[in-house]
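Read off the chains here:
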Amino acid sequence: MNDRNTYDIAIVGGGLAGLCLAIQMAKLHYRVILFEKESYPFHKVCGEYISMESWPFLQRLGVPLQDMQLPVIKQLLLTSPDGTSLQAALPLGGFGISRFTLDATLKDIATTAGVTVMERCKVNGIVFTEEMFIIDTTKGNFNAIVCCGSYGKKSNLDVKWNRPFTRRQSRKLNQYAGIKYHIETDFAEDTIALHNFKNGYCGISKIEGNKYCLCYLTHMSNIRRSGQSIAAMEETILCENPHLKTILNSAIKINKEPVSIAQVSFLKKSQVEDHVLMLGDAAGMITPLCGNGMSMAMHASLLAAGEIGAFLAGKITRQTMEGNYTNIWQRNFAKRLSTGRMIQYFFGKKWITNLFIKTMKRFPALTRKIIKMTHGDPF
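Anyway, here's the lowdown on the structure attached to this text. No experiment lies behind these values; they were computed from the predicted model shown.

### Structural notes on the overall build of the protein chain
Helix and strand counts for the protein chain come out as 12 helices and 17 strands. Radius of gyration (C-alpha) of the protein chain: 21 Å, near the 21 Å computed for a compact globule of 379 residues. Across its three principal directions, the C-alpha atoms of the protein chain cover 65 × 45 × 40 Å. Intrachain contacts of the protein chain at a sequence separation of at least 6 include 72% that bridge at least 24 residues.

Structure, rendered in structure tokens:
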């Protein structure tokens, strides 16, 4: 391909899945272009706890994790709205790092590997014709043999494709908003806490430096009841949980205004849409209570890279690539997502959440099983 606007692979969305895929394919000497609507580095709504299953993969990509003095997280603290608490060990554990740092590091690795990174570039549409994708962006049109979507939650592309989850309205699993702060607080460095409140839950864990990530998911009904005021919602609904009340009243917010997203959906999604391979949240979101969305996104990039490489090398057809990717994605992640959706139903109404956590506290084997069902093996 000699056309400067024609690539082997185009990736829409520069989050973890997109960046990791771009690096892998560039290292195989394919021409890769990645489109990101923001400019690195930037903050994203994310729990910023990553399962240790991802550690060897990130090191292979070139992320110097050993030199970054990151907190290792080995304990889980779970609380109910009435203050009942449960502590459990995380056998595999995880580590804390902000998306501000990790995404920017991966972007630099991608650029060094030869990826064309188009920042502040929004993709308006994707058309597949004659075995080639035409990607319409705010910086012009680009062509690619393979196209991947790794753009996170519902986007304008999902609406244009009329993906089923965009048509579902009043469902418990698709009416959420995410809010994130970086804070300074007094909290155990080796612990991730998940504090539940009515129709939502808040995660707290340490990241690099002396900072902690405080990120919560709330049903939109909580915001409406609070007069569209995040501060009012935190003061009333979140602070009903005594653990959250202590943290919110004592923590120092490093960024006074939170980062937020709306229209978060945990409904099922397809892994291929009009021949575009979906990765990360675009392929399916795991509920934050399970704490493994980032690991799944990176693992999906590894699975996709293998199939894309085989297709571009002429070993398999496009149809086989798409079918293989869908099947291998389902084998690796479908049960984890369904477990997450099941757990999500137990965290909403206060009395159910209180009862569920008290039950887990009485039966430690149940807690261990749930943790195992939502974590994968190192890859």
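Structure's up, so let's keep going.
### Some points on the pairing of strand E8 (residues 132–137)
By the bridge criterion, six bridges tie strand E7 (residues 123–129) to E8 in an arrangement that is antiparallel. Across the sheet, residue Val127 finds its bridge partner in E8, namely Ile134. Taken together, E7 and the strand that follows it, E8, pair antiparallel across an intervening segment of two residues, in which Glu130 is found at a positive phi of about 50°. Direction of pairing for E8 relative to strand E9 (residues 140–149): antiparallel, over a ladder of five bridges. Each bridged residue has a counterpart across the sheet, and for Thr137 the counterpart in E9 is Gly140.

### Quick look at the pattern of salt bridges
Counted under the stated rule, the structure contains nine salt bridges. Notably, a salt bridge pairs Glu273 with Arg163, separated by 3.5 Å at the nearest N-O pair. Placement of the pair is Glu273 in strand E16 (residues 272–273) and Arg163 in the loop between helix H4 (156–161) and helix H5 (164–167), with a sequence separation of 110 residues. The same class applies to Glu273 and to Arg163, which are both buried. Measuring nitrogen to oxygen at the nearest pair gives 4.0 Å for the salt bridge that ties Lys211 to Glu208.

### Some points on the nonpolar core
In summary, soluble globular proteins display a tendency toward joint burial of nonpolar side chains. Leu21, Phe35, Phe95, Leu106, Ile126, Ile135 and Ile308 are the most contacted members of the largest nonpolar core, which totals 79 residues. Counting residues per element, this core draws most heavily on helix H9 (residues 293–312), which supplies 10 residues. Excluding residues within four positions of it along the chain, Leu21 makes contact with Ile11, Cys148, Leu279, Ser301, Ala304, Ala305 and Ile308. In this structure, Ile179, Phe187, Phe197 and Ile237 belong to the second largest nonpolar core, which totals 22 residues.

### Considerations on the environment of Cys147
Secondary-structure assignment places Cys147 in strand E9. Judged by its relative accessible area of 0%, Cys147 is buried. Sequence separation between Cys147 and Val32 is 115 residues; the distance between their C-alpha atoms is 9.9 Å. Once you skip the residues sitting within four places of it in the chain, Cys147 turns out to touch Ala10, Val12, Ile126, Phe133, Ile135, His275, Val276 and Leu277.

### Here's the deal with the packing of helix H11 (residues 350–362) against helix H12 (residues 364–373)
Two numbers describe a pair of packed helices, the interaxial angle and the distance between the axes. One can describe the packing of H11 onto H12 by two numbers: an axis separation of 5 Å at closest approach and a directional angle of 105°. Judged by the inter-axis angle, H11 sits roughly perpendicular to H12. On H12, the residues that touch Phe356, Met360, Lys361 and Arg362 of H11 are Pro364, Leu366, Thr367 and Ile370. Here the residues of the contact of H11 with H12 sort into five nonpolar, one polar and two charged.

### Some remarks on the packing of helix H1 (residues 16–27) against helix H3 (residues 99–113)
At a closest axis distance of 9 Å, the pairing of H1 and H3 adopts a crossing angle of 20°. Here H1 lies roughly parallel to H3, going by the angle between them. Where H1 crosses over H3, the two elements pack in a sense that is left-handed. Listed contacts from H3 to Leu16, Leu19, Cys20, Ile23, Ala26 and Lys27 of H1 are Arg99, Leu102, Asp103, Leu106, Lys107, Ile109, Ala110 and Ala113. A breakdown of the residues in the contact of H1 with H3 according to their chemical character gives 10 nonpolar, no polar and four charged.

### Comments concerning the packing of aromatic side chains
The full count for this structure, using the stated rule, is eight aromatic pairs. Where Phe197 meets Tyr216, the ring centres are 6.0 Å apart and the plane angle is 80°; that geometry is what we call edge-to-face. Taken together, the residues span a long stretch of sequence, with Phe197 in strand E11 (residues 191–197) and Tyr216 in strand E13 (residues 212–219) at a distance of 19 residues. A single burial state applies to Phe197 and to Tyr216, both of which are buried. Above the ring of Tyr7, the side-chain terminus of Arg31 is found at 4.3 Å from the ring centroid.

Calculation criteria
Residues numbered from 1 in each chain as written. Predicted model: local features only at pLDDT ≥ 70, side-chain atom pairs only at ≥ 80, totals over all residues. Heavy atoms only, no water. Helix = DSSP H or I, 4+ residues; strand = E, 2+ residues; numbered from the N terminus. Rg over C-alpha atoms; globule rule 2.2 N^0.38 Å. Contact = heavy atoms within 4.5 Å. Pairing = 2+ DSSP bridges. Salt bridge = Lys/Arg side-chain N within 4 Å of Asp/Glu carboxyl O. Buried < 20%, exposed > 50% of the residue type's maximum accessible area, 1.4 Å probe, protein only. Core = buried A, V, L, I, M, F, W, Y, C linked by side-chain atoms within 4.5 Å. Axes fitted to C-alpha atoms, helices over the stretch in contact; angles between N-to-C directions. Parallel < 35°, antiparallel > 145°, perpendicular 65-115°, else oblique. Nonpolar A, V, L, I, M, F, W, Y, C, P; charged D, E, K, R; others polar. Left-handed = near helix turned anticlockwise from the far one by under 90°. Phe/Tyr/Trp six-rings, centres within 6.5 Å; stacked < 30°, edge-to-face > 60°. Lys NZ or Arg CZ within 6 Å of the ring centre and 35° of its normal.

Geometric descriptors of this kind do not, in isolation, establish any biological role.
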